[in-house]
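The primary structure of each chain is shown beneath.
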Amino acid sequence: MPRDMAQKENKMEIRTPSQLTLPRGPSPRESMRIHVCCFNPLGFVNELYVDDPDKDSGGKIDVSLNISLPNLHCELVGLDIQDEMGRHEVGHIDNSMKIPLNNGVGCRFEGQFSINKVPGNFHVSTHSATAQPQNPDMTHVIHKLSFGDTLQVHNVHGAFNALGGADRLASNPLASHDYILKIVPTVYEDKSGKQQYSYQYTVANKEYVAYSHTGRIIPAIWFRYDLSPITVKYTERRQPLYRFITTICAIIGGTFTVAGILDSCIFTASEAWKKIQLGKMH
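Everything quoted here is computed from the prediction, not taken from an experiment.

Asker: Please explain the pairing of strand 5 (residues 96-101) as it appears in this structure.
Answerer: Successive residues of a regular strand alternate their side chains across the two faces of the sheet. Bridging between strand 5 and strand 6 (residues 106-116) involves 6 bridges; their strand directions are antiparallel. Bridged to Leu101 within strand 6 is Gly106. Between strand 5 and the antiparallel strand that follows it, strand 6, lie 4 residues; Asn102 among them carries a positive phi value of about 55°.

Right, here's the structure in full:
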């Protein structure tokens, strides 16, 4: 073998292990730097307990409702509220507005009101209208139904607007709709100790045609609710420093372990290749 070719072959043998021992990915120092950049020092602790978390609310829950009825005039749309404490309010109008849709054919109802912390219902209907229509059309789209404070926290996922986007435009126009809600109190406490009180809820629904005692069909959109005794609490806490250090050590150790395995495999393959080239492997 010529001398220059032997030197070239020796250079290849020397370079191969050193080039491939540490893989083409980031070095241990680079891995640590990447992890530090992506490390989120904040975490959440979840708790479940039985209690009324918002004792300063006066036994009330704030409700926000936004619903469109594209085939019912605004003068016919009303909100009624009932509960087991004897409340019976027909045509609630405080903090609400009606926006005409489809050149006045339909209506969008937006309202903020409060309910007592007892089982009850609120419903959108024509009950408060001065004259009942012959064929009220209760097809609708629910844009928003939420309870309590609106949590502006991206890492907390839950059913705070479970009915948002519910579309019943293809339903029977004369059908009533029952939405049965189980409301779950939810507390969010940030790292400064400030608390916000919201409510998640689960929902089941049914659709049916209801007749009055006179034989007329008077449909409505019912939201029947009950409160869960279980409270969910999210507490924001800063991750302890030792957990961060432990994670960094694990990354560094794992990187070197993988590098060692790769080095061993490449070295073994290189030795086998040299034996084949020299005719020593049978």
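The structure having been displayed, the exposition proceeds.
Asker: Can you help me understand unusual backbone geometry in this one?
Answerer: Of note, the phi angle at Asn95 is positive, near 50°, even though the residue is not glycine. Here Asn95 is to be found in the loop between strand 4 (88-89) and strand 5. In this structure, Asn102 is a non-glycine residue whose phi angle is positive, near 55°. Within the secondary structure, Asn102 is located in the loop between strand 5 and strand 6. Given the relative accessible area of 48%, Asn102 is considered partly exposed.

Asker: I would appreciate a short explanation of the pattern of salt bridges in the present structure.
Answerer: Once their charged atoms are close, side chains differing in charge can pair, the charge on each being opposite to the other. Applying the stated rule across the entire model yields 7 salt bridges. Between Asp178 and Arg224 there is a salt bridge, with its nearest N and O atoms 3.0 Å apart. Taken as a pair, Asp178 in strand 10 (residues 176-189) and Arg224 in strand 12 (residues 221-227) lie far apart in primary sequence, 46 residues in all. Taking the relative accessible area as the measure of exposure, Asp178 reaches 4% and is therefore buried. Overall, the relative accessible area of 30% leaves Arg224 in the partly exposed class. Note that Lys233 and Glu189 form a salt bridge whose closest N and O atoms lie 3.2 Å from each other. One end of the pair, Lys233, is in strand 13 (residues 230-238); the other, Glu189, is in strand 10, with 44 residues separating them in the sequence. Of the residues examined, Glu189 reaches a relative accessible area of 17% and is grouped as buried.

Asker: Is there a simple way to think about the pairing of strand 10 in this case?
Answerer: Burial analysis of strand 10 places 12 of its 14 residues in the buried class, which makes it a mostly covered element. Looking at chain direction, strand 10 and strand 11 (residues 195-208) are connected through 14 bridges and run antiparallel. Among the inter-strand pairings, Ile183 is bridged to a residue of strand 11, identified as Tyr201. Between strand 10 and strand 11, which pair antiparallel one after the other, the connecting turn spans 5 residues, and Gly193 there sits at a positive phi close to 95°.

Asker: Any chance you could explain the nonpolar core here in plain terms?
Answerer: One recurring pattern in soluble globular proteins: nonpolar side chains tend to sit buried together. Core analysis: the largest hydrophobic core is formed by 33 residues, its most contacted members being Phe122, Leu145, Phe147 and Phe223. Of all elements in the fold, only strand 2 (60-69), strand 3 (78-83), strand 6, strand 7 (120-125), strand 8 (141-148), strand 10, strand 11 and strand 12 reach the threshold of two or more residues within this core. It is strand 2 that provides the largest number of residues to this core, a total of 5 residues. Counting 8 residues, the second largest nonpolar core, distinct from the first, contains Val153, Phe160, Tyr188 and Val232.

Asker: Sorry, what's going on with the state of the cysteines here?
Answerer: Note on terminology: a disulfide is the covalent bond linking the sulfur atoms of two cysteines. Evaluated as defined, the whole model comprises 1 disulfide. Each sulfur in the disulfide pair Cys74 and Cys107 lies 2.3 Å from the other. Measuring the twist about the S-S bond at about 100°, one finds the Cys74-Cys107 disulfide to be right-handed. Taken together, the residues Cys74 in the loop between strand 2 and strand 3 and Cys107 in strand 6 connect sequence positions 33 residues apart. For Cys74, a relative accessible area of 12% puts it in the buried group.

Asker: Whenever I open this one, a nonpolar patch on the surface confuses me. Can you help?
Answerer: Together, Leu48, Val50 and Ile230 make up a nonpolar patch on the protein surface, roughly 310 Å² of accessible area in all. Its location among the elements puts Val50 in strand 1 (residues 42-50). Residue class for Val50 comes out exposed when judged on its relative accessible area of 63%.

Asker: Would you explain the packing of aromatic side chains in this entry?
Answerer: Aromatic rings considered in pairs are described by the distance between their centres and by the relative angle of their planes. Inspection of the entire model under this criterion finds 5 aromatic pairs. Seen in terms of ring centroids, Phe122 and Tyr225 are 6.1 Å apart; in terms of plane orientation they differ by 35°. Their pairing is tilted. On the criterion of sequence distance, the pair formed by Phe122 in strand 7 and Tyr225 in strand 12 is long-range, its members being 103 residues apart. For the pair shown, Phe122 and Tyr225 are each scored as buried. Centre to centre, the rings of Phe147 and Tyr201 are 5.4 Å apart; their planes meet at 85°, and the pair counts as edge-to-face. Separated by 54 residues along the polypeptide, Phe147 in strand 8 and Tyr201 in strand 11 bring together distant segments of the chain. Tyr201 shares its class with Phe147; the two are buried. Counting every residue linked through ring pairs, the aromatic cluster contains Phe113, Phe122, Tyr179, Phe223 and Tyr225. Its guanidinium or amino end placed over the ring of Trp222, Arg224 lies 4.3 Å from that ring's centre, counting from NZ or CZ.

What counts, and where the lines are drawn
- Residues numbered from 1 in each chain as written.
- Predicted model: local features only at pLDDT ≥ 70, side-chain atom pairs only at ≥ 80, totals over all residues.
- Heavy atoms only, no water.
- Pairing = 2+ DSSP bridges.
- Helix = DSSP H or I, 4+ residues; strand = E, 2+ residues; numbered from the N terminus.
- Buried < 20%, exposed > 50% of the residue type's maximum accessible area, 1.4 Å probe, protein only.
- Salt bridge = Lys/Arg side-chain N within 4 Å of Asp/Glu carboxyl O.
- Core = buried A, V, L, I, M, F, W, Y, C linked by side-chain atoms within 4.5 Å.
- Disulfide = S-S within 2.5 Å.
- Patch = residues over 30% accessible without salt bridge, like charges linked within 9 Å, V, L, I, M, F, W, Y side chains within 5 Å.
- Areas by Shrake-Rupley, 256 points an atom, 1.4 Å probe, with all protein chains shown as cover.
- Phe/Tyr/Trp six-rings, centres within 6.5 Å; stacked < 30°, edge-to-face > 60°.
- Lys NZ or Arg CZ within 6 Å of the ring centre and 35° of its normal.

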